[in-house]
Amino acid sequence: MPKVGTLVRVLYPEYAKGIEGIIEAKEERGRWIVRLEKNSLNENPEPWLLSLEESDFEVISSEEEFPS
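None of the values given here were measured: they were computed from a predicted structure.

Caption draft 1: Highlighting the side chain of D56. By the secondary structure assignment, D56 is in the loop between β4 (48-52) and β5 (57-61). Buried within the structure, D56 lacks any salt-bridge partner; its nearest side chain of opposite charge belongs to R31, at an N-O separation of 4.7 Å. In this view, D56 contacts V10, L11 and Y12; residues no more than four positions away in its chain are not counted.

Caption draft 2: Quick look at the packing of aromatic side chains. Per the counting criterion, the structure on display carries one aromatic pair. Taken together, a centroid distance of 5.9 Å and an interplanar angle of 70° make the contact between Y15 and W48 edge-to-face. In this pair, Y15 sits in the loop between β1 (7-10) and β2 (20-26) while W48 sits in strand β4, placing the two residues 33 residues apart along the sequence. Residue classification places Y15 among the partly exposed positions, given a relative accessible area of 47%. Here W48 falls in the partly exposed class, since its relative accessible area comes to 22%.

Caption draft 3: Local environment of unusual backbone geometry. Here the bond from Y12 into P13 is cis, since omega is 15°, no more than 30 degrees from zero. On the secondary structure map, P13 appears in the loop between β1 and β2.

Caption draft 4: Representation of the pattern of salt bridges. On inspection of all chains with the given rule, the structure shows four salt bridges. Ionic pairing is found between E24 and R35, a salt bridge with its closest N-O pair at 2.7 Å. Within this pair, whereas E24 is found in strand β2, its partner R35 is found in strand β3 (residues 32-36), the two being separated by 11 residues in sequence. Since its relative accessible area comes to 34%, E24 is described here as partly exposed. Between R31 and E53 there is a salt bridge whose closest N-O contact spans 2.8 Å. Taken together, the residues R31 in the loop between β2 and β3 and E53 in the loop between β4 and β5 connect sequence positions 22 residues apart. We classify R31 as partly exposed; its relative accessible area is 26%.

Parameters and conventions
- Residues numbered from 1 in each chain as written.
- Predicted model: local features only at pLDDT ≥ 70, side-chain atom pairs only at ≥ 80, totals over all residues.
- Heavy atoms only, no water.
- Helix = DSSP H or I, 4+ residues; strand = E, 2+ residues; numbered from the N terminus.
- Buried < 20%, exposed > 50% of the residue type's maximum accessible area, 1.4 Å probe, protein only.
- Lys, Arg positive; Asp, Glu negative; His and termini not counted.
- Salt bridge = Lys/Arg side-chain N within 4 Å of Asp/Glu carboxyl O.
- Contact = heavy atoms within 4.5 Å.
- Phe/Tyr/Trp six-rings, centres within 6.5 Å; stacked < 30°, edge-to-face > 60°.

In structure tokens, the structure reads:
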């Protein structure tokens, strides 16, 4: 199960597909807030914040796999 700090790759929406991000928070309704830092679609240096269903992304790694 995903949790805050998990690295993910967006599957949907189509305009963000393939972009990696970090889970920032879980919303009350079960959606996840994902921060996308780098992407070729956004010329603005500010990160994007997306509210995604768990099926909208795939987990790449979690903090547990790479302790700091």
